[in-house]
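Reading the structure
Here is what each chain is made of, one letter per residue.
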Amino acid sequence: MNIKQVILRHLQMELKSPFTTSFGSFNTKEFILVEAIDENGISGWGECVAFHSPWYNEETVKTCWHMLEDFLLPIVFQTPIEHPDKLNERFSFIRKNNMAKSAIEGAIWDLYAKKKQIPLSKALGGEKKEIEVGISIGIQKSVDDLLRIVEKYVTEGYRRMKVKIKPGWDVEVIREIRKHFPDLPLMGDANSAYSLQDIDRLKALDEFNLMMIEQPLASDDIVDHAKLQAQLQTPICLDESIHSYEDARKAIELGSCRIINIKIGRVGGLTEAKKIHDLCQTNNIPVWCGGMLEAGVGRAHNIAITTLENFTMPGDTAASSHYWERDIINPEVKVHNGIIVVPEGPGIGYEVDRRQIDLYTISAKTYKA
Ligand code: OSB
Ligand code: MG
């Protein structure tokens, strides 16, 4: 593949309802959309999952734009790309900045699959025709509000509920949910809101038969998570702590988790995501695909990776309409009874809606080889 041109667009989209985690709340999503164009004028699309501010990880829209413009795109333009799984190595002399790397890598994977006239899922080695999904519910104003929302998504058929937890919004909240939904596949995500000093509070969650607790401790920790896992019955799932195959290998070896949430952007792209998937499969660690409140392009990439075999647990890839009045792809991602039918068209399998993209674009810049 010869990448001749890349267009970076800075988009801003309003979320239908604010999303609140243990870090705070946001209503709008800003992100970079990457369009990579080859010598035949075929476009591949990638979405950068970094947020406007560095609360989830250290990357932001601006740091990613800088990395793409000044480092990653020049490397992409340098020489033809044999296969998208070679980019990981080409980018490896640049430390971290995984979300920036993943955004351009994802666009080139889409382009590759489009040129081959195969679905991205197939290009990645995925075979599922349908995937099961769950939904992630932010912290609410009251437990009654939360119960109403859980009820709504149960009725819609989502396969598992994830609720955000933090000290003071945890044991009692989960107890209430369990009282009303005794058999619901349920989990909590703490986004690092706890430390080992909270061990009694975390142990108290063991009585509720949660599928897992996601990232209870610090985002840069795998040692304390191992200590915690040894004392918890509930499986720990790591999100923020896993940036690479090597991180996953070490966490598994230490016993820091029994499940891993794979986010393509967090681990630096689809190639690394696949490697982590394979490692986890060998070690009997189930994985599922996390979400970063993606618009349609990122959502489509999540669907594609979830078709790999060891994505055995429902991910956070909810329907487009859960987040957006109008998504940037056609058709938008639809969920029926907790199932997404994997698209069969080439590449990401959804048409990008250029008119809609233009409406959401704050600024754009074209880079040429
Ligand atoms: O921790 O998984 C997380 C959203 C933004 C940043 C981090 C997380 C989340 C979610 C929602 O839980 C996932 C989604 O619906 O896309
Ligand atoms: Mg999480």
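Residues numbered from 1 in each chain as written. Chains lettered and ligands numbered in written order. Predicted model: local features only at pLDDT ≥ 70, side-chain atom pairs only at ≥ 80, totals over all residues. Heavy atoms only, no water.

Looking up the protein in an unreviewed UniProt entry gives the name o-succinylbenzoate synthase, with the organism given as [Anoxybacillus] calidus. Taken from UniProt, the Sequence similarities (unreviewed entry) comment for the protein reads in full: "Belongs to the mandelate racemase/muconate lactonizing enzyme family. MenC type 2 subfamily." (UniProt positions renumbered as here; feature names shortened; annotations may be inferred.)

Look at the UniProt record and you will see "binding site: Mg(2+)" (unreviewed entry) annotated at Asp189, Glu214 and Asp239. A stretch of 51 residues holds the annotated residues, and the largest C-alpha distance among them is 9.2 Å, short enough that they meet in one place. Relative to the helices and strands, Asp189 resides in strand E7 (residues 186-189). Take Asp189: its relative accessible area is 1%, and that puts it in the buried class. Every residue in contact with Asp189, bar those within four places of it in the chain, is listed here: Lys162, Val163, Lys164, Ile165, Glu214 and Gln215. Looking at where Asp239 falls in the secondary structure, it is placed in the loop between strand E9 (236-238) and helix H9 (245-254). Here Asp239 is in contact with Tyr56, Glu214, Gln215, Asn261, Lys263 and Arg266, once residues within four sequence places are set aside. (Helix = DSSP H or I, 4+ residues; strand = E, 2+ residues; numbered from the N terminus. Buried < 20%, exposed > 50% of the residue type's maximum accessible area, 1.4 Å probe, protein only. Contact = heavy atoms within 4.5 Å.)

Another aspect to go through is the packing of aromatic side chains. The full count for this structure, using the stated rule, is seven aromatic pairs. One aromatic cluster is present, formed by Phe26, Phe51, Trp55 and Tyr56 through successive ring pairs. Of note, Arg160 hangs over the ring of Trp288, and the distance from its end group to the ring centre comes to 4.8 Å. Stacked on the ring of Tyr245, the Lys or Arg Lys275 has its end atom at 5.2 Å from the ring centre. (Phe/Tyr/Trp six-rings, centres within 6.5 Å; stacked < 30°, edge-to-face > 60°. Lys NZ or Arg CZ within 6 Å of the ring centre and 35° of its normal.)

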